[in-house]
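Below, each chain spelled out in residue letters.
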Amino acid sequence: CVAKLLVGIMSDYDVVVVVADHQGFYSVDTLFGLGYGFAAGGLMANTGIDESIRDTFQTSLKSSALHAPKELGNGKYTLPIFAAAWAAGNLFEGVPVAETAGEWGERSIRSILVGAPPMLALQSLTGASRPGESSSGSSWMPLQDNNGVSGHSFMGAVPFLTAAQMADDPWAKAALYAGSTLVPLSRVNDDDHYASQAFLGWWVAFLATRAVDHTQSGKSNWSFTPWMTPDSTGVRAEIRY
């Protein structure tokens, strides 16, 4: 049902926008950012940092309140909400609240389309396991497992980060950025992921939503324009960094 709803909305959507989102994500700036994030995550995963944070949570910080946000990262529930918000924005054009909700839903879905493929690939490339699953702990063992990046953390961060980038009020923006950490914290709290894995899920979500925000505001680092000479034709690519 979710897939049908998304296909119905996307069928008339301008594919150029989605392409621009991907161009923004795979820009030099974002790829460097991805590298910095994975360097930090790798340091946490392959030293004692992950285990230290795990011990602290499980002995001192574990809370039922931190368990509650987990389902915000479940796409079975959140994807229909994004799609319904997007549809409402299209149905009630001219109504400010509906238009804002529509933009939020649209941008959230676009962020998932951009960030989910690299997130899934990096889950396997890092090859890390969940807490208690392997004697290697959080250490990266390429292609040995698929839990090196938390999917729940990625999905749960997207709606908050999208809203934060849409917000103008600095206090609202700060609150929404703080909210984007709720699902990652719940994964560490529930001992379902190491801190590095929760952080990396959040980081991919941040970069994906930022790429969509750049498309929305015209800040893309990539551009393509037709190129013609008397002897040949083609496409010129421009990369700004």
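Residues numbered from 1 in each chain as written. Predicted model: local features only at pLDDT ≥ 70, side-chain atom pairs only at ≥ 80, totals over all residues. Heavy atoms only, no water.

S.K.: Sorry, what's going on with the overall build of the chain here?
M.R.: The helix and strand inventory of the chain stands at 11 helices and 2 strands. In the chain, the succession of helices and strands from N to C terminus is α-α-α-α-α-α-α-α-α-α-α-β-β. Counting contacts in the chain only where the partners sit at least 6 residues apart, residues at least 24 apart contribute 68% of the total. For the chain, the computed accessible surface area is about 12,200 Å², with 64% contributed by carbon and sulfur atoms. (Helix = DSSP H or I, 4+ residues; strand = E, 2+ residues; numbered from the N terminus. Contact = heavy atoms within 4.5 Å. Areas by Shrake-Rupley, 256 points an atom, 1.4 Å probe, with all protein chains shown as cover.)

S.K.: Would you mind showing me how to read the pattern of salt bridges here?
M.R.: Any two side chains of opposite charge can pair if their charged atoms end up close together. Under the defined criterion, the tally for this structure stands at 8 salt bridges. Where Glu51 meets Arg54, a salt bridge forms, and the shortest distance between an N and an O atom there is 3.7 Å. Of this pair, Glu51 and Arg54 both sit in helix α4 (residues 49-61), 3 residues apart, roughly one helical turn. For Glu51, a relative accessible area of 30% puts it in the partly exposed group. (Salt bridge = Lys/Arg side-chain N within 4 Å of Asp/Glu carboxyl O. Buried < 20%, exposed > 50% of the residue type's maximum accessible area, 1.4 Å probe, protein only.)

S.K.: Would you explain the nonpolar core in this entry?
M.R.: By size, the foremost hydrophobic cluster in this structure holds 29 residues, and its most contacted members are Phe38, Ile112 and Phe154. Setting aside residues no more than four positions away along its own chain, Ile112 makes contact with Leu79, Phe82, Pro117, Phe154, Met155 and Val158. (Core = buried A, V, L, I, M, F, W, Y, C linked by side-chain atoms within 4.5 Å.)

S.K.: In this structure, what is going on with helix α10 (residues 182-189)? I would like to understand it.
M.R.: Count 3.6 residues to each turn of an α-helix, and residues three or four apart come out pointing the same way. In terms of burial, α10 is largely enclosed, as 6 of its 8 residues are buried. Listing the buried residues of α10 in full gives Val183, Pro184, Ser186, Arg187, Val188 and Asn189. Those residues of α10 that are buried are in contact with α4, α5 (64-67), α8 (151-166) and α11 (195-217).

S.K.: How should I be thinking about α11 in this particular structure?
M.R.: For α11, built from 23 residues, the straight-helix expectation of 33 Å at 1.5 Å per residue is met to within 8% by its first-to-last C-alpha distance of 32 Å. Most of α11 sits out of view: 20 of its 23 residues are buried. (Expected span 1.5 Å × (residues − 1).)

S.K.: Is there a simple way to explain the packing of aromatic side chains in this structure?
M.R.: Pairs of aromatic rings are described using the distance from one ring centre to the other and the angle between the two planes. Summed over all chains, the structure comprises 8 aromatic pairs. Between Phe82 and Trp104 the ring centres are 5.3 Å apart and the planes differ by 85°, which places this aromatic pair in the edge-to-face class. Placement of the pair is Phe82 in helix α6 (residues 75-91) and Trp104 in helix α7 (residues 96-126), with a sequence separation of 22 residues. On the basis of relative accessibility, which here comes to 1%, the residue Phe82 falls in the buried class. Following the ring pairs from residue to residue traces out a cluster consisting of Phe199, Trp202, Trp203 and Phe206. (Phe/Tyr/Trp six-rings, centres within 6.5 Å; stacked < 30°, edge-to-face > 60°.)

S.K.: Where do I start with the environment of Ala167 in this structure?
M.R.: With respect to the element layout, Ala167 can be found in the loop between α8 and α9 (170-179). Here Ala167 is in contact with Ala172, Lys173 and Leu176, once residues within four sequence places are set aside.

S.K.: Would you mind going over the environment of Ala65 with me for this structure?
M.R.: Among the secondary structure elements, Ala65 is positioned in helix α5. The spacing of Ala65 and Ser186 is 121 residues in sequence and 8.7 Å in space, taken between C-alpha atoms.

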